[in-house]
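Commentary on secondary and tertiary structure
Residues per chain are reported as follows:
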Amino acid sequence: MGESRRGPLKSAVPSNVVSPVRRCSRTACGRPAVATLTYVYADSTAVLGPLATYAEPHCYDLCAEHSERLTAPRGWEVVRLLDSSAPARPSGDDLEALANAVREAARPQERAAGAGGGGGARTVDPMEVARRGHLRVLRSPDN
């Protein structure tokens, strides 16, 4: 009788119910989850971040489509945490700051001439509108 009996793994019926891939929590969505949504009720905030390491009962796993389209109830704030492993996209401000840094680096002769000949007087950049500490407000090149 021991020879004809199969072990528990051999006799188990294959099932698609349990999957090693976590799925989107939205009803009727079977796509793989890429983000985790958590509600902070005390702050009226919905926090959407990278997929959590473990599935938690108070968190919701969302696929890419549902995480992009997420909206919060009126009066709530949505905080989207960046995935540190994903490359960050440059924003318009980042690109403008980079362009300004390149323009400034391209003018070393003007800065050197102004610093060497003036007995400590600082030359004023015509593009500069205001200054606070090491920060400068520059006029737009279009104006």
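Residues numbered from 1 in each chain as written. Predicted model: local features only at pLDDT ≥ 70, side-chain atom pairs only at ≥ 80, totals over all residues. Heavy atoms only, no water.

With respect to the helices and strands, His66 occurs in helix 2 (residues 64–68). Given the relative accessible area of 11%, His66 is considered buried. (Helix = DSSP H or I, 4+ residues; strand = E, 2+ residues; numbered from the N terminus. Buried < 20%, exposed > 50% of the residue type's maximum accessible area, 1.4 Å probe, protein only.)

Glancing now at the sheet that holds strand 2 (residues 45–50). With mixed pairing, 4 strands are arranged side by side in an open sheet as 3-1-2-4. Whereas interior strands pair on both sides, the edge strands pair on one side only; in this sheet they are strand 3 (59–62) and strand 4 (77–80). Neighbour-to-neighbour, the strand axes of this sheet turn through a mean angle of 25 degrees, independent of strand direction. Both strand 1 (residues 35–40) and strand 2 contribute to a ladder of 6 bridges, which runs antiparallel. Within the sheet, the bridge partner assigned to Tyr39 lies in strand 2 and is Ala46. (Pairing = 2+ DSSP bridges. Axes fitted to C-alpha atoms, helices over the stretch in contact; angles between N-to-C directions.)

Before going further, it helps to examine the side chain of Asp61. Here Asp61 lies in strand 3. For Asp61, a relative accessible area of 8% corresponds to the buried category. Asp61 has contacts with Arg22, Arg23, Cys24, Ser25, Ala33, Ala35, Thr36, Leu51 and Ala55, leaving out every residue within four places of it along the chain. (Contact = heavy atoms within 4.5 Å.)

Moving on to the environment of Glu56. In this structure, Glu56 sits in the loop between strand 2 and strand 3. In this structure the C-alpha to C-alpha distance between Glu56 and Thr36, which are 20 residues apart in sequence, comes to 9.5 Å.

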